[in-house]
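Descriptive analysis of the structure
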Amino acid sequence: MTKSATISIGDKTVEMPIKSGTIGPDVVDIAKLYAQTGAFTYDPGFLSTASCESSITYIDGDAGVLLYRGYPIDQLAEHGDFLETCHLLLHGELPTATQKSDFDYRVTRHTMVHEQMARFFQGFRRDAHPMAVMVGCVGAMAAFYHDSTDISDPHQRMVASMRMIAKMPTLAAMTYKYNVGQPFVYPKNDLDYTSNFLRMCYAVPCEDYKVNPIISRALDRIFILHADHEQNASTSTVRLAGSSGANPFACIAAGIACLWGPAHGGANEAALAMLAEIGTVDNIPAFISKVKDKSDHTRLMGFGHRVYKNYDPRAKLMQKTCHEVLAEMGVKDDPLLDVALELERIALSDEYFIERKLYPNVDFYSGITLKAMGFPVSMFTVLFAVARTVGWISQWKEMIEDPSSKIGRPRQLYTGSPRRDYTPISKR
Ligand code: CMC
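Residues numbered from 1 in each chain as written. Predicted model: local features only at pLDDT ≥ 70, side-chain atom pairs only at ≥ 80, totals over all residues. Heavy atoms only, no water.

1. Here we look at the overall build of the protein
Test applied: Think of it this way: any DSSP run of H or I at least four residues long counts as a helix, any run of E at least two long counts as a strand, and we number them from the N terminus. Between the two quantities, the radius of gyration covers C-alpha atoms and the globule rule is 2.2 Å times the number of residues to the power 0.38. For every residue, the accessible area (1.4 Å probe, protein chains only) is compared with the maximum for its type, and the residue is labelled buried under 20%, exposed over 50%, or partly exposed between those bounds. Only heavy atoms enter the contact rule, under which two residues are in contact if any of them lie within 4.5 Å. All accessible-area figures derive from a Shrake-Rupley calculation using a 1.4 Å probe, and residue coverage is judged against the displayed protein chains alone. Residues scored as positive are Lys and Arg, those scored as negative are Asp and Glu, and His as well as the terminal groups of each chain are ignored. The location of each charge is read from NZ of Lys, CZ of Arg, CG of Asp or CD of Glu.
Of regular secondary structure, the protein possesses 18 helices and six strands. The C-alpha atoms of the protein give 23 Å as radius of gyration, which agrees with the globular expectation for 428 residues (22 Å, within 12%). Taken over the C-alpha atoms alone, the protein extends approximately 75 × 65 × 55 Å along its principal axes. For the protein, the residues scored as buried account for 47% of the 428 residues in total. Put simply, 70% of the contacts in the protein that link residues at least 6 apart link residues at least 24 apart. On the protein, roughly 21400 Å² of surface is accessible, and the fraction owed to carbon and sulfur atoms is 54%. Charged side chains in the protein number 44 positive and 48 negative. The centres of these two groups are separated by 7 Å.

2. Here we look at the side chain of arginine 157
Spelled out, the test is: Two N or O atoms count as a polar contact when they lie within 3.5 Å, although within protein this holds only if one can serve as hydrogen donor and the other as acceptor, and sequence-adjacent residues are included solely when both atoms are side-chain atoms.
Its location among the elements puts arginine 157 in helix H7 (residues 154–180). What makes arginine 157 buried here is its relative accessible area of 10%. Engagement of the side chain of arginine 157 in a polar contact is seen with the side chain of glutamate 401, the distance being 3.2 Å. Ignoring any residue separated from it by four or fewer positions in sequence, one finds arginine 157 in contact with Ile151, Ser152, Trp396, Ile400 and Glu401.

3. Some words on the pattern of salt bridges
Quick note on the threshold: When a carboxyl oxygen of Asp or Glu is within 4 Å of a side-chain nitrogen of Lys or Arg, the pair counts as a salt bridge.
In this structure the tally under the stated criterion is 21 salt bridges. One salt bridge connects aspartate 29 with lysine 19, and the closest N-O pair in it is separated by 3.9 Å. Placement of the pair is aspartate 29 in the loop between strand E3 (27–28) and helix H1 (33–37) and lysine 19 in strand E2 (residues 12–19), with a sequence separation of 10 residues. Taking the shortest distance from any N to any O, the salt bridge between arginine 239 and glutamate 398 comes out at 2.7 Å. Of this pair, arginine 239 sits in helix H10 (residues 233–243) while glutamate 398 sits in helix H18 (residues 380–400); the two residues are 159 residues apart in sequence, bridging distant segments of the chain.

4. Regarding the environment of glutamate 401
Position of glutamate 401 relative to the elements: it lies in the segment after H18. For the pair formed by glutamate 401 and isoleucine 151, sequence separation is 250 residues and the distance between their alpha carbons is 9.7 Å.

5. Some thoughts on the nonpolar core
Selection criterion: As used in this record, nonpolar core signifies buried Ala, Val, Leu, Ile, Met, Phe, Trp, Tyr and Cys residues forming a set joined through side-chain atoms within 4.5 Å.
Counting residues in hydrophobic clusters, the biggest one holds 115 residues, and the most contacted among them are Val138, Leu171 and Phe375. With near-sequence residues (within four places) excluded, valine 138 lies in contact with Met164, Met168, Leu171, Phe249, Ile252, Ala253 and Ile256.

6. With respect to the site of the ligand
For the record, the criterion: Being near a molecule or strand, for a residue, comes down to having at least one heavy atom within 4 Å of it.
Around the ligand lies a shell of 21 residues, among which His264, Arg299, Leu300, Gly302 and Arg306 are the nearest. Between the ligand and histidine 264 there is a distance of 2.7 Å, counted from an oxygen atom to a side-chain nitrogen or oxygen. Here asparagine 361 contributes a side-chain N or O atom positioned 2.9 Å from an oxygen atom of the ligand.

7. Describing unusual backbone geometry
Residues other than glycine seldom take positive phi values, yet phenylalanine 46 does so here, at roughly 50°. By the secondary structure assignment, phenylalanine 46 is in the loop between H1 and strand E4 (57–60). On the accessibility criterion, phenylalanine 46 (54% relative accessible area) is exposed.

8. A closer look at the packing of aromatic side chains
Keep this limit in mind: Aromatic pairing here means that ring centres of Phe, Tyr or Trp (its six-membered ring) are within 6.5 Å. Orientation follows from the plane angle: under 30 degrees is stacked, over 60 is edge-to-face, and everything else is tilted. Over a ring means this: the NZ of a Lys or the CZ of an Arg is within 6 Å of the ring centre and within 35 degrees of the ring normal.
Throughout the structure, instances matching the rule amount to 18 aromatic pairs. Here the aromatic cluster, defined as three or more aromatic residues joined through ring pairs, consists of Phe82, Tyr176, Tyr193, Phe197, Tyr202, Phe223 and Phe375. Stacked on the ring of tyrosine 178, the Lys or Arg arginine 126 has its end atom at 4.2 Å from the ring centre. A cation over an aromatic ring shows up here: arginine 356 above the ring of tyrosine 352, its NZ or CZ 3.8 Å from the ring centre.

9. Digging into H7
Every α-helix carries 3.6 residues per turn, so stepping three or four residues along brings you back to the same face. The condition is simple: A helix is expected to span 1.5 Å for every residue after the first. Bend, at a single residue, is the angle you get between axes fitted to the 7 residues ending at that residue and the 7 residues starting at it.
The first and last C-alpha atoms of H7 sit 39 Å apart over 27 residues, in line with the 39 Å expected at 1.5 Å per residue. Of all the bends in H7, the largest measures some 35° and sits at lysine 167, one to four residues before the proline proline 169. With 23 of 27 residues buried, H7 lies mostly within the body of the structure. You can read the cap of H7 off the contacts: a side-chain oxygen lies 2.9 Å from the backbone nitrogen of histidine 155, and it is on aspartate 153. Glycine 181 sits one or two residues past H7 and shows a positive phi near 80°.

10. Things to note about the sheet that holds strand E6 (residues 71–72)
How we decide: Here, a strand pair is defined by DSSP locating no fewer than two bridges between the strands.
With respect to topology, three strands assemble into an open sheet ordered E4-E5-E6, the strand pairing being antiparallel. With partners counted over all chains shown, the strands left at the sheet margins are E4 and E6, one partner each. Across four bridges, E4 lies against strand E5 (residues 65–68) in antiparallel orientation. Looking at E5, one finds that tyrosine 58 is bridged to leucine 67.

Function cannot be inferred from these measures alone, as they are strictly geometric.
Shown next, in the form of structure tokens:
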């Protein structure tokens, strides 16, 4: 039986179809509401609005579940590697052994960036925030790779997708090197994706560099955890930018700009800054009071989520990875970790957080982990962008390949002045 919702507005009553997905809440399809009643729906922040159909990622926020193409995040993070996750997100299935080696080979062969891009970097100040450099450089890729900007050609779409996944770590590492004033390090194709990235960040021409396999595996797992998260703010930005037919490089640059904000990907940087500001366990009660004081506007960064009203499943894996990395790097007593653990303990037993279902999110432990790996705080969100690129590009591709997709064009509730006549300046 087809389900529908009855909506009455004034003297008009209309039936709107209800659509069901494979799992998750049903949606009321209100696409014809305006045509049939003259009314819009109003949902700033999209609290109750599904903006698209997607078969990529599923989140059950109440149960704390995250699935990529149906596979639980913990299984992928435990048993797979990041490029396997990339294949899964992009193509819909885990690769066979032959598909995996072909995919790895193709990504690896795209890791170098156009040599002229190195000169493009010189235009930035050395002390520019790495996210500002990333927005500029990724947007500039459209100026370098003209043969993969025709979005109506499936082959070009796939080439752009592979380029994006492959070149993002190279650009991120170049951004880091430029920032610290060291020479760029070219990719080395006999290394796996994440080891290659670590080498491009930390190797210098005057010394041999050996990748630590434990750190590489930990970072690879962090990439898996961040690879996609359905219709979050940056992904929705990528989709909206792409809905006009803009090229994929421009769309991903838009996604990076959105990710930068502290309510989104910038939270890992903000969380570490907060832990440093708190400094010691003794200062936690005063900080918690500030967070609870509505006139203060301080938030516990790395806590809370629009969708998760339970422990973020990524945060659990992140906490485990954090302990592994600290042990490997010989960080015995990190005061920031002590503060984080105690903050989490207090927050999870405090009525304010319990009532609002505020739990640690993925960003709570990622900062401490990335810091222990040697990354400066300003690079944290860049690492998030490296990982999320596959999610953005998979969602963009899904949208372009959906025959029913349209330009995104929300409407508004206008609250400005009604029509009025122009007054000459002498009469104002
Ligand atoms: N600390 C203190 N109070 C909070 C927090 C927090 N981190 N998050 C939400 N609240 C309170 C908020 O004040 C509100 O209280 P009240 O009902 O009394 O007004 C209530 O909880 C609901 O908050 P909201 O702002 O309506 O929730 P939202 O779904 O719009 O916001 C969020 C979600 C992630 C933006 C928010 O929880 C937040 O700002 N968290 C800190 C930033 C952060 O860690 N972001 C990373 C998110 S996960 C990774 C990613 O997406 O990139």
